[in-house]
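Chain by chain, the residues:
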Amino acid sequence: MENYDLVIVGGGPAGLAAALSARADGISDILILERDDRLGGILNQCIHNGFGLHTFNQELTGPEYAARFISQVIDQKIDYRLNTMVMDISHDRTVTAMNPTDGLFMVKAKAVVLAMGCRERSRGALNIPGFRPAGIYTAGCAQRLVNMEGEMPGRKVVILGSGDIGLIMARRMTLEGAKVEVVAELMPYSGGLKRNIVQCLDDFGIPLKLSHTVVSIEGKKRVEAVTIAEVGADRKPIAGTEERYECDTLLLSCGLIPENELSKDCGVELSRITNGPVVNDSLETSVAGIFACGNVLHVHDLVDFVSTEAKNAGHYAAEFIRHGETSYNTIDIRCDGRVRYTVPQTVRPEAMEDTITVRFRVADVYKGASIVVRAAGRELVRRRKQIMAPGEMEQVVLKKSDLGDADSIEIGLEEA
C-alpha cells in the first residue's frame, strides 16, 4: 500500500490545474493517475485555437494550453503515472489502479479529486435504424484520427448533432478537403457555442438543419447514404420530410456524458440531470474527502472555466487534508425548470467563501429574460440578458453576507 496526501484521477486540464493549486496550498505528496500515454487529456487533439482567453489573456491551441500546465507540473516535481487505469475508489479513499510497469497497486489517499472528464454518446445510445457499416464515428474519434493519427475518416460527410466538437469537425473536415453535406440537429436550437456556429458552419457555407434527425443509414460494408427527416415537438420524425444525402461518413456529435462509473462505485451521489456528482460550495461530493471538477462534474463549454473550477477543487482538497472532515449545515440551491441545474447544488453558509460562483445552463432559448436569485424572500440578484441558450453556460456570483438565515436559494428566469 502506497500513501499520498492527494490522489487526482485524470491528467487532463482539470487534473493538472487541481494538482498545481493543491501544491500552491502547501500539499507536497500529490499523485496524478492518467490512463493515456501523455498528460493533457482531450486538449492534445484539439489543435484549433480559442483556448486560454480567460486564463492567459491569449488565444492558444489545445496542446499549447495543456503544455503550460504540464510544464508547471514537471517543474513542481508533482508525481504522475501514465498508461494507468484506475479500477476502484473505496469509501475510505483507497485507490486501486494498474499499469504495465507497476501491475496492480493500491494507494491510500487523504483526499481524492475526480477529474476523469467525459465521453461521447455512441450510435448504440442513439438507436439510429439501419445497417452497421463502416464509416460511422463519434466526432471526437474523427478528431483524433485527423489531428493525431493523420488519417481521414471519409470524403463526403453528414454530421448528426451540433455540439461544439461536431461544429469544429465540420470545419476541420472541410479544410482537409472533405465535403460536409449537412449538419442535422434534433433540437430546435444548436448545442454549441454561437461563435462556433458562425466560424465553423456559416463561414464555410455548411447548412445547419435544426429539428432534424437521421432516420436511415444505407450501406452494408461502408456508409453509402444517410436520410434525415424533420421532427415534431415530440421529437419524432414527420413523414414526407425525408431528405437523402449520399455520403461515405456519418459523424455523431450528440452530447457528452461525464465519466462517473468510478464515482458511482464509491458511493458518490450523482445528479440525474448532469450525470455528475452532487457537490457543495467546496466541490466536495457526498463522500467526505472526495472532490470533483471539470467535465466529470458537468460538461463545460470553455476549458478556462474547467481550470478555474479545478483550482478551487485543489484548494478545498488541501483544506480537507489539513483539517479533516468538518460538519456544517447546508442549504439547497433550487432551480425553477427554466434553469436546468446548478453547480454547486448546495452551499454551507457558515463555511463558504465571501463569494461563490454558481454555474448553470438554461432549458431552452430565452430572449430578453432576466436571471433572478432569491433567498429568504429577498431578491439577491437580477440580471437581464439579451439571449440565453442551452449551449452556453451561465453564471451568477453569490455573496455570503446576502444569505443571512436563508434555508434555501432559488435561481430562475423571468421572461420579458
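This is a predicted model, so every value here is computed, not measured.

This brings us to the pairing of strand E15 (residues 225-230). In terms of residue burial, E15 counts as a mostly covered element, since five of its six residues are buried. In the sheet, strand E14 (residues 212-218) pairs with E15 via six bridges, with the strands oriented antiparallel. Paired with Ile217 across the bridge in E15 is Val226. Count of turn residues in the E14/E15 antiparallel hairpin: six residues, of which Gly219 carries a positive phi of about 115°. For E15 and strand E16 (residues 243-246), the ladder comprises four bridges, and the chain directions are antiparallel. Within the sheet, the bridge partner assigned to Val226 lies in E16 and is Tyr245.

Let us look at helix H1 (residues 13-24). Because each turn of an α-helix spans 3.6 residues, side chains separated by three or four positions end up pointing in the same direction. For H1, built from twelve residues, the straight-helix expectation of 16 Å at 1.5 Å per residue is met to within 8% by its first-to-last C-alpha distance of 17 Å. Turning to H1, its buried residues are Pro13, Ala14, Gly15, Leu16, Ala17, Ala18, Ala19, Leu20, Ser21, Ala22 and Arg23. Along its buried surface, H1 packs onto strand E1 (2-9), strand E2 (30-33), helix H2 (62-75), strand E8 (103-114) and helix H8 (303-323). In the stretch just after H1, Gly26 is the one whose phi turns positive, near 100°.

A few words on the nonpolar core. Core analysis: the largest hydrophobic core is formed by 69 residues, its most contacted members being Leu6, Ile8 and Ile89. The element that contributes the greatest number of residues to this core is H8, accounting for ten residues. Among residues more than four places away in sequence, those in contact with Ile8 are Gly15, Ala18, Ala19, Ile30, Leu31, Ile32, Leu33, Val113 and Ala115. Ile333, Tyr366, Leu398 and Leu413 belong to the second-largest nonpolar core, a separate cluster that totals 23 residues.

Tallied over the entire structure, the rule returns four aromatic pairs. For the ring pair Phe291 and Phe320, a centre distance of 6.1 Å and an interplane angle of 75° mean the geometry is edge-to-face. On the criterion of sequence distance, the pair formed by Phe291 in strand E19 (residues 290-292) and Phe320 in helix H8 is long-range, its members being 29 residues apart.

Here we come to the sheet that holds strand E23 (residues 355-362). An order of E21-E23-E28 is seen for the three strands of this open sheet, with the pairing classed as antiparallel. In this open sheet, the two strands that pair with only one neighbour each are strand E21 (339-343) and strand E28 (394-399). Across the sheet, the mean angle separating the axes of adjacent strands is 30° when strand polarity is ignored. With four bridges connecting them, E21 and E23 associate as antiparallel partners. Counterpart to Tyr341 in the pairing with E23 is Arg361.

Rules and cut-offs
Residues numbered from 1 in each chain as written. Predicted model: local features only at pLDDT ≥ 70, side-chain atom pairs only at ≥ 80, totals over all residues. Heavy atoms only, no water. Buried < 20%, exposed > 50% of the residue type's maximum accessible area, 1.4 Å probe, protein only. Helix = DSSP H or I, 4+ residues; strand = E, 2+ residues; numbered from the N terminus. Pairing = 2+ DSSP bridges. Expected span 1.5 Å × (residues − 1). Contact = heavy atoms within 4.5 Å. Core = buried A, V, L, I, M, F, W, Y, C linked by side-chain atoms within 4.5 Å. Phe/Tyr/Trp six-rings, centres within 6.5 Å; stacked < 30°, edge-to-face > 60°. Axes fitted to C-alpha atoms, helices over the stretch in contact; angles between N-to-C directions.

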